[in-house]
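# Working through the structure, step by step
For reference, the chains in residue letters:
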Amino acid sequence: MKKEIRCAIYTRKSSEEGLEQDFNSLDAQREACEAYIKSQMHEGWILIEKQYNDGGYSGGTMERPAFKELLNDIENDEVDIVVVYKVDRLTRSLMDFAKIVDVFDKHETSFVSITQHFNTTTSMGRLTLNILLSFAQFEREVTGERIRDKFAASRKKGMFMHGNAPIGYIKKDGILYEDKEQSSKIKEIFEKYLEFNSVSRLQNYLKENDIYTKSGRMFYKGHLHKILRSKIYVGKIEYKDEEYEGLHEAIIDRATFDKVQKSLDENMVRANNAVGAKHYSLLASKIYDDKNNVMSPSHSRNRHGACYRYYISQAVIQNREYDAGSISKISASEIEDFVCSKVSELITDKEQMLQYMEAFTVRKQNQILKFLETYTPDQVFIRTILNKVILSTNYVKILIDKDLLVKSVEAISFGQILNFKSNEDDILTLNYEVKLSPHRQKGTKIVIDSNKVEYNLTLIQAVTRGFYYNKLVEEGRMPKEFGDSSYIHRLMRLRFLPPYIIEAILNGTQDKTLTLKQLYKMSKI
């Protein structure tokens, strides 16, 4: 008695059209396959009752429910032969077919196409199958190219080929026509946005006034942004980076649309440069210590409510002090003022700026340079051109994106919005030799100072007298009448100052704002 060979029939149709009929394409495929299996009964072929039918699924993907179920049954060794009407019913992808055959071989399952008369158990069958699949995939790709070319040609003519019509229009034969009832909502959305200058406030207004989408749903921020950005409403057809004149009438005039775009751009730049904190931090995400740890904004308040802002190394915040650089905390105002001043120096250096603007005409160069003479860089400008700031105890490095610098000075000179992306191909590094000294007053405050020598005789005398009085005490030569002097005791405490502060005072390189009162507080132990 011959061994029974369990046969499963797989059918597929790409579209759902016609599947509602009593006898459809899937039924026709199955009927032909059943007849073939019956003709092979003498070989022991038997049809299993379970059906594997995928209606409305493309052969270009393996994500088909019935097909996945078939593969699962094959892996469970429940199927010996898979029978299909044509090979492309199983797949149209040569790559996917290789994966399928691998599963078949692993579980000793054959594959038969009844209209092409081969199976995968023979080398000739594999060769024939690969050739057929190659042509099937080629046909599919060519069909896709034809469809894309047809859509592209239609868009160039101004037809709308994107699917459903956007709110405010109805679609007929690829052309948009104004929907009077819905277009009034679009006009109100644009008008109210210019009034509020905020998508959030616009959304609240629409909700409070019961203005909803065509389907009766609330307008969400993302939907409103899409509407306000869409050139459909000024009579254009957009596709990817291409723009065509549409056959439809504009709902919004160009002047209004341009005002909205400018407002959206400005708001986006503000949002991109915001730091999400109550206290604005100019260098948030831009400042690093000399071990490449980002330094995050932080602040504290004293008992009088005064706020002190800092940048603190993430290595310290995450309790990784061993990974922290030589500077782990710095006064925000000190470093921000320093960076702002250096950026101002850069853009007002005519000789240097001319090197970066060689591609501009002489007239444009002169216009930009004249504007920069009186321009004070604002937060948006600085954050746009700034790539990174790196701190060490003896230097500050300011890294500027040269491409964004050129684009930004051009934009601000002619009243345009700063909204550029960096490719970080050409970075200008500004090196400054400075002295960063830890300051223990009110926590670990760090101040920036130049290396210029400036002796403070008051501080020098206080420090030397403190050491002198301490020596007298040790030698027993301190006059008794000085024993109760609080002034003498304060001076003597100065010997407990950190050595680098004493050294800086004696060398005249201390912080120029340092006072004797501050020294007294720093020397408390």
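Throughout what follows, the structure given in this document is the object of discussion. (Residues numbered from 1 in each chain as written. Predicted model: local features only at pLDDT ≥ 70, side-chain atom pairs only at ≥ 80, totals over all residues. Heavy atoms only, no water.)

A separate point is the environment of Phe23. Secondary-structure assignment places Phe23 in the loop between strand E1 (5-13) and helix H1 (25-39). Every residue in contact with Phe23, bar those within four places of it in the chain, is listed here: Ala28 and Glu31. (Helix = DSSP H or I, 4+ residues; strand = E, 2+ residues; numbered from the N terminus. Contact = heavy atoms within 4.5 Å.)

A word on the sheet that holds strand E13 (residues 307-313). Hydrogen bonds between backbone groups are what pair the strands of a sheet, and the pairing can be parallel or antiparallel. Taken together, the three strands give an open sheet; going across it, the order is E12-E13-E14, and neighbouring strands pair in antiparallel fashion. The open sheet has two edge strands, strand E12 (295-301) and strand E14 (329-331), and neither has a second partner. Each strand axis lies, on average, 30° off the axis of its neighbour in the sheet, ignoring direction. (Pairing = 2+ DSSP bridges. Axes fitted to C-alpha atoms, helices over the stretch in contact; angles between N-to-C directions.)

The next thing to look at is the pairing of strand E16 (residues 395-401). Of all the seven residues making up E16, five are buried; the element is thus mostly covered by neighbouring parts of the structure. Direction of pairing for strand E15 (residues 386-391) relative to E16: antiparallel, over a ladder of five bridges. For Leu386, the partnering residue across the bridge sits in E16 and is Ile400. Between E15 and E16, which pair antiparallel one after the other, the connecting turn spans three residues. Direction of pairing for E16 relative to strand E17 (residues 427-433): antiparallel, over a ladder of seven bridges. Within E17, the residue paired with Asp401 across the bridge is Ile427. (Buried < 20%, exposed > 50% of the residue type's maximum accessible area, 1.4 Å probe, protein only.)

Moving on, we come to the nonpolar core. Formed by 42 residues in total, the largest nonpolar core has its most connected members in Ile335, Phe381, Leu391 and Leu405. If you list the elements that add at least two residues to this core, you get helix H11 (332-347), helix H12 (350-356), helix H13 (362-373), helix H14 (379-385), E15, E16, helix H15 (402-413) and E17. If one sorts the elements of this core by residue count, H11 sits on top with seven residues. Core analysis: the second largest hydrophobic core is formed by 28 residues, Leu206, Leu228, Tyr233 and Val234 among them. (Core = buried A, V, L, I, M, F, W, Y, C linked by side-chain atoms within 4.5 Å.)

Interhelical geometry of helix H6 (residues 180-196) versus helix H8 (residues 221-229) gives an angle of 95° and a closest axis separation of 11 Å. Between H6 and H8, the interaxial angle falls into the category roughly perpendicular. Packed against H6, whose contacting residues are Ile186, Ile189, Phe190 and Tyr193, the element H8 presents Leu224, Ile227 and Leu228 at the interface. When its residues are assigned to classes, the contact of H6 with H8 shows seven nonpolar, no polar and no charged. (Parallel < 35°, antiparallel > 145°, perpendicular 65-115°, else oblique. Nonpolar A, V, L, I, M, F, W, Y, C, P; charged D, E, K, R; others polar.)

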